[in-house]
Amino acid sequence: MAHGRRMSESFTAFERPTAITAPAADSQEWINYWQGIFARDVIDSRIVKISGQTSVEDACDILLSEDISCLTVTRDDEPSSVSGLFDYSDVNAFLTLAATRHTLTPEDLRGNRRVDEIVTAARAGRVPVHLVSNLSQKNPLVTLPYDSTIISLLEQFSRGTHRVLIHGPSPSSDFLGMVSDHRLLAWFSVYASRSPSLQKYLSNPLHSLALPSLHLDASVIAATSHATVLDAMKLMSEEGVSSIAVVDEGTETLLSAVSVTDIGKIVVPSESNHILSAPLQQFIAQIKAPHGSTDGADRYPVYSVLPSSPLSYTVQKLLATNAHRLFVTKEEPGCASPIVSHMSPGNLTGIVSIVDILSLFARIANIEDVDPTRMQRHRRASSASSQSSMSASDGSSRPSSRTSVRRSLSHKAQNARRSMNRTSRTSLSSMESTDISIGKV
């Protein structure tokens, strides 16, 4: 079985229903209230600025020491002006580049200016963070004015953005702080607790709602428990996602999940390339050890829900786990909870994310051009273009079907591991050290 791939499962527990919509009278009441709440009132993160010339190594140290999910990168010529953001998705993309840069040909570098600049800077001994800002293409700089409302936030988040910076009052050029999609979901949860009509809407099961990745042909990005940490990092980077499912090697049942935050908080401090070849089951055990797990499987199915799970339950689970997405598993006869059963092979059927749910609220608010998968499609298209270029350079081709990830990543992962073992000197600053600390490619 391949170590990593995009899994497609038929939605067998339910027929695809007509999506339930909110009653017009109720939805108008909700909209009126949302229009009166300012985005600045739900800020959940302070602004931590770093110079664009700060090294990637130092930037990552600041992420960890400040215990913050994202840094703002300032312009060299205008320190008060923000040029971009730097978060754990960018850390993962950079580490993946560091571990696989030896596979890049001169043609690859000429075809990707930013990667060429990063590699050149690494050879010179120092990679400035401005080169790595939004390297993942998941972390664009999006800002909103001081008087923006909840509706303004929905317009951004329903198109795939994960955080927004809020400007201070004019004439100040400073930002008050950031609002994350997770914080906005929490706000809606609190509002629903005070609105019986919205609470009733949230009691609908997932399978009855217009969620894009829940039903037939939904794609689940997954790796097996025997895949390596590097396999997972590459899979998240190539598929443009912040987390992947980890499934049992034999049964393909859901065991747990790995995210870019896990990579940033465990791989970076380790400062060793040996962790890249560790199997995911061992890596997950390290993540879960403080919570009582010793075998790499969740004691409780914290990252999964059922198609019949109420939307309100799903929202609470997303908030409680601080996850960006949950994996939807098959219904087991007589089972009222998403138990991770090793007796049910291939139990994954789809995903539901924070962006998906916020998109439901955006449609209720009559926002135009709601497209929660827009940014992810752009990232995948960019990654596919890059991979096609690399494949063309070595005379190979990249399969285009959904099962291509399953076939091609197994082969590429094996090659990458062999290459990594042959060229383990992947220092991000000198390209010659035997460690893989974040400041060294």
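Numbers given to residues run from 1 along each chain, matching the order in which its sequence is written. Restriction of local features to residues with pLDDT of at least 70 applies here, the model being predicted, together with a cutoff of 80 or more for giving and counting side-chain atom pairs; totals for whole chains, interfaces and linings are based on all residues. With hydrogens and water excluded, all non-hydrogen atoms of the structure serve as input to the side-chain values.

(A) Fine view of the packing of helix α3 (residues 88-100) against helix α10 (residues 260-270). What counts as an axis is a line fitted to C-alpha atoms, over the stretch in contact for a helix, and the angles between N-to-C directions run from 0 to 180 degrees. Starting at the N terminus, helices and strands are each numbered in turn, a helix being any DSSP run of H or I of at least four residues and a strand any DSSP run of E of at least two. For the pair α3 and α10, the least separation of the axes is 8 Å and the interaxial angle reads 65°. The way α3 lies across α10 gives a crossing that is left-handed. Packed against α3, whose contacting residues are Tyr-88, Ser-89, Val-91, Asn-92 and Leu-95, the element α10 presents Val-260, Thr-261, Ile-263, Gly-264, Lys-265, Val-267 and Val-268 at the interface. Residues are sorted three ways: Asp, Glu, Lys and Arg are charged, Ala, Val, Leu, Ile, Met, Phe, Trp, Tyr, Cys and Pro are nonpolar, and all the rest, Gly among them, are polar. Looking at the contact of α3 with α10, its residues break down into seven nonpolar, four polar and one charged. With the far helix as reference, a near helix turned anticlockwise by less than a right angle produces a left-handed crossing, and one turned clockwise produces a right-handed crossing. Any two residues having at least one pair of non-hydrogen atoms within 4.5 Å are treated as being in contact.

(B) Structural view of α10. Three or more residues of α10 are buried, namely Val-260, Asp-262, Ile-263, Gly-264, Ile-266, Val-267 and Val-268. Of the residues one or two after α10, Glu-271 is the one with positive phi, at around 50°. Relative accessibility under 20% of the residue-type maximum defines a buried residue, over 50% an exposed one, and the middle range a partly exposed one, all with a 1.4 Å probe and only protein chains included.

(C) Main features of the side chain of Asp-262. Structurally, Asp-262 can be placed in helix α10. The class for Asp-262 is buried, based on a relative accessible area of 17%. Pairing of N or O atoms within 3.5 Å defines a polar contact, subject to two protein rules: one partner must be a possible hydrogen donor and the other a possible acceptor, and residues neighboring in sequence count only if both atoms are side-chain atoms. At 3.0 Å, the side chain of Asp-262 and the backbone nitrogen of Ser-259 are in polar contact. Ignoring anything within four residues of it in the chain, the contact list for Asp-262 reads Ala-257, Val-267, Phe-283 and Ile-287.

(D) Region of interest: the pattern of salt bridges. Within this document, salt bridges are pairs made up of a side-chain nitrogen of Lys or Arg and a carboxyl oxygen of Asp or Glu, the two lying within 4 Å of each other. Scanning the model with the defined rule gives six salt bridges in all. Salt-bridge contacts for Arg-163 lead to Asp-87; the nearest nitrogen and oxygen are separated by 2.9 Å. One end of the pair, Arg-163, is in strand β6 (residues 163-167); the other, Asp-87, is in strand β4 (residues 82-87), and 76 residues separate them in sequence. One salt bridge connects Glu-117 with Arg-113, and the closest N-O pair in it is separated by 3.3 Å. Residue Glu-117 and its partner Arg-113 are located together in helix α5 (residues 113-124), separated by four residues, close to a single helical turn.

(E) Layout of the packing of aromatic side chains. Two rings from Phe, Tyr or Trp (for Trp, the six-membered ring) form a pair when their centres are within 6.5 Å of each other. A pair whose planes differ by under 30 degrees is stacked, one over 60 is edge-to-face, and the rest are tilted. Counted by the stated rule, this structure contains 10 aromatic pairs. With 5.1 Å between their ring centres and 80° between their planes, Trp-187 and Phe-188 make a pair best called edge-to-face. Summarising the burial analysis for this pair, Trp-187 and Phe-188 share the class buried. Summarising the aromatic geometry, the rings of Phe-188 and Phe-361 are spaced 4.2 Å apart at their centres and angled 10° between planes, so their arrangement reads as stacked. Here Phe-188 is found in helix α7 (residues 181-194), whereas its partner Phe-361 is found in helix α13 (residues 354-364), with 173 residues between them in sequence.

(F) Region of interest: the sheet that holds strand β11 (residues 304-305). An order of β11-β12-β13 is seen for the three strands of this open sheet, with the pairing classed as mixed. Since the sheet does not close on itself, it has two edges, and those belong to β11 and β13 (348-353), each with one partner. Note: two strands are recorded as paired if DSSP finds a minimum of 2 bridges between them. The pairing of strand β12 (residues 325-329) with β13 spans five bridges and is antiparallel. When the bridges of β13 are listed, Arg-325 appears paired with Ser-353. Contacts from helix α12 (residues 311-321) reach β11, β12 and β13 within the one sheet, and its direction differs from that of β12 by about 130°.

(G) Main features of the packing of α3 against helix α9 (residues 229-239). The contact between α3 and α9 brings their axes to 9 Å, and the two run at 120°. It follows from the interaxial angle that α3 and α9 lie oblique. Crossing of α3 against α9: the hand is left-handed. Across from Asn-92, Ala-93, Leu-95, Thr-96, Ala-99 and Thr-100 in α3, the residues of α9 making contact are Leu-230, Met-233, Lys-234, Met-236 and Ser-237. The residue inventory of the contact of α3 with α9, partitioned by class, reads six nonpolar, four polar and one charged. Note that the term roughly parallel is reserved for angles under 35 degrees, roughly antiparallel for angles over 145, roughly perpendicular for angles of 65 to 115, and oblique for everything else.

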